[in-house]
Amino acid sequence: MNGSRVIVTGATSGIGKEIALQLASRGAQVILACRDVKRGKQTSAEIRNHGAPAEPAILTLDASSRSSIKEFAREFGRRYDRLDVLVNNAGVLSPQRITSVDGVELTLATNVIGYYLMTRELLDVLRGSAPARVVNVASTFAGDLDLDDLQFAGRSYDGMRAYAQSKACDRMVTWAFARRLADADVTVNAMAPGLVTETNLYDDLADDVRHQLRQQPSRSVAEGADTAVWLAAATDVEGVSGKFYEQRAERPCQFRDLDAEEKLWALCQAIPD
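Residues numbered from 1 in each chain as written. Predicted model: local features only at pLDDT ≥ 70, side-chain atom pairs only at ≥ 80, totals over all residues. Heavy atoms only, no water.

Asks: Just give me the short version of the pattern of salt bridges, but keep the residues and values in it.
Replies: Opposite charge on two side chains permits them to pair, given that their charged atoms come into close proximity. Evaluation of the coordinates by the stated rule reveals 20 salt bridges. Here Arg155 ties to Asp146 by a salt bridge, and the two come within 3.8 Å at their closest N and O atoms. By relative accessible area, Asp146 is classed as partly exposed at 25%. (Salt bridge = Lys/Arg side-chain N within 4 Å of Asp/Glu carboxyl O. Buried < 20%, exposed > 50% of the residue type's maximum accessible area, 1.4 Å probe, protein only.)

Below, the structure is given as structure tokens:
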């Protein structure tokens, strides 16, 4: 990874922080895309102190905001002329239905529209840097997909169901991008970290739900980050695109459906109207 330039979203804690640390330790020039600049600076210093050759750079990003994502891409373009790897990791799990600054249900806005728009806004620099890679952090916890009610406007909202739907959508967006970039030498893959309870993703859930999660077999943050780092750096997945991995092994995906993927793509383009 020496000299490779990498963006990691949601990089100030949990899996995102570990991905950034591991890639920086391999010599990558890491840009931490984070909402809280103070935490970003702390994370950057921690990564440098951990033995990384260089301190990661910081760029402000609210992954739930379309204007923030677009400004991030503009600022990145002003500072840099190459991007080798984009790791879409920023995500939320909200127990209550709340909306983003754009009026979009927050889980959808962050976990799905955020992935879609970050990749779209950086496509030109990714194409110009080819061979380049996009790694989307998804999950095996995926389901409750309703493309006619992505924002839970008609359904009763449940945070876990909204999160599961968003992770199904992350895979589908991955397949849609992989098709569109098939001739561009830009690969797009999704991965599942497994259950990692040592993150702040579950902080806002009810105590009993958090307790139940902690009773399940859990992976360490480093174990959860490993497959994303592998997809970003390994030579043995060079040129491989449109796949879903867990623990460095390809997994089947029940959400492969061309019509549904294209419908989701159109919805991503249209939100907010």
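Now, onward.
Asks: Would you mind going over the pairing of strand E6 (residues 186-192) in detail, with residue names and values included?
Replies: In terms of burial, E6 is largely enclosed, as 7 of its 7 residues are buried. Neither face of E6 is exposed, since Val186, Val188, Ala190 and Ala192 on one face and Thr187, Asn189 and Met191 on the opposite face are all buried. Note that strand E5 (residues 132-137) and E6 share 6 bridges and pair parallel. For Arg133, the partnering residue across the bridge sits in E6 and is Thr187. Once you follow E5 into helix H6 (residues 159-180) and on to E6, the crossover reads as right-handed. Of the strand pairs in this sheet, E6 and strand E7 (residues 244-246) are connected by 3 bridges, and their pairing is parallel. Pairing of Met191 across the sheet is with Tyr245, part of E7. (Helix = DSSP H or I, 4+ residues; strand = E, 2+ residues; numbered from the N terminus. Pairing = 2+ DSSP bridges. Right-handed = clockwise from strand over helix to strand, strands pointing away.)

Asks: Tell me about the side chain of Asp170, and name the residues and values.
Replies: Relative to the helices and strands, Asp170 resides in helix H6. The buried category is assigned to Asp170, whose relative accessible area is 1%. Leave out the neighbours within four places in its chain, and Asp170 touches Asn111, Val112, Tyr115, Asn136, Val137 and Ala138. (Contact = heavy atoms within 4.5 Å.)

Asks: Describe the sheet that holds E7, with residues and values.
Replies: Sheet architecture is open: 8 strands sit in the order E3-E2-E1-E4-E5-E6-E7-E8, paired in mixed fashion. The outermost strands of the open sheet, each flanked by one partner alone, are strand E3 (57-60) and strand E8 (249-250). Relative to E5, strand E4 (residues 85-88) runs parallel, the two sharing 4 bridges. Across the sheet, the residue bridging to Val85 is Arg133, located in E5. Against the sheet, helix H4 (residues 106-121) engages strand E1 (5-9), E4 and E5, with an angle of about 165° to E4. (Axes fitted to C-alpha atoms, helices over the stretch in contact; angles between N-to-C directions.)

Asks: How would you sum up the side chain of Asp62? Please name residues and give values.
Replies: Positionally, Asp62 belongs in the loop between E3 and helix H3 (66-79). Although buried, Asp62 forms no salt bridge, and the nearest oppositely charged side chain, Arg35, lies 4.0 Å from it. Side-chain polar atoms of Asp62 contact the side chain of Ser64, separated by 2.7 Å. Ignoring anything within four residues of it in the chain, the contact list for Asp62 reads Arg35, Ser68 and Ile69. (Lys, Arg positive; Asp, Glu negative; His and termini not counted. Polar contact = N/O pair within 3.5 Å; in protein donor to acceptor, adjacent residues only side chain to side chain.)

Asks: Quick one: what's the story with the pairing of E5, residue by residue and with numbers?
Replies: Put simply, side chains in a regular strand alternate between the two faces of the sheet. Among the 6 residues that make up E5, 6 are buried, leaving the element largely enclosed by the rest of the structure. Burial of E5 is two-sided: the residues Ala132, Val134 and Asn136 facing one way and the residues Arg133, Val135 and Val137 facing the other way are all buried.

Asks: So what's going on with the packing of H6 against helix H9 (residues 258-270)? Residues and values would help.
Replies: Put simply, H6 and H9 touch, their axes get as near as 9 Å, and they point 95° apart. The pairing of H6 with H9 is recorded here as roughly perpendicular in orientation. Contact residues: Cys169, Met172, Val173, Trp175, Ala176, Phe177, Arg179 and Arg180 in H6; Leu258, Ala260, Glu261, Glu262, Leu264, Trp265 and Cys268 in H9. (Parallel < 35°, antiparallel > 145°, perpendicular 65-115°, else oblique.)

Asks: An account of unusual backbone geometry is needed here, citing residue identities and associated values.
Replies: For residues other than glycine, phi is negative in most cases, and the peptide bonds are mostly trans. Residue Pro131 is reached from Ala130 by a cis peptide bond, and omega for that bond is 5°. Tracing the backbone shows Pro131 in the loop between helix H5 (123-128) and E5. Here the phi dihedral of Asp144 falls at roughly 55°; this positive angle occurs in a residue that is not glycine. Tracing the chain through its elements places Asp144 in the loop between E5 and H6. Unlike most non-glycine residues, Asp185 shows phi in positive territory, near 60°. Tracing the sequence through the fold places Asp185 in the loop between H6 and E6.

Asks: Tell me about the environment of His50, and name the residues and values.
Replies: Within the fold, His50 resides in the loop between helix H2 (37-49) and E3. His50 sits in the exposed class, given a relative accessible area of 56%. The spatial distance from the C-alpha of His50 to the C-alpha of Ala24 is 9.7 Å, given a sequence separation of 26 residues.

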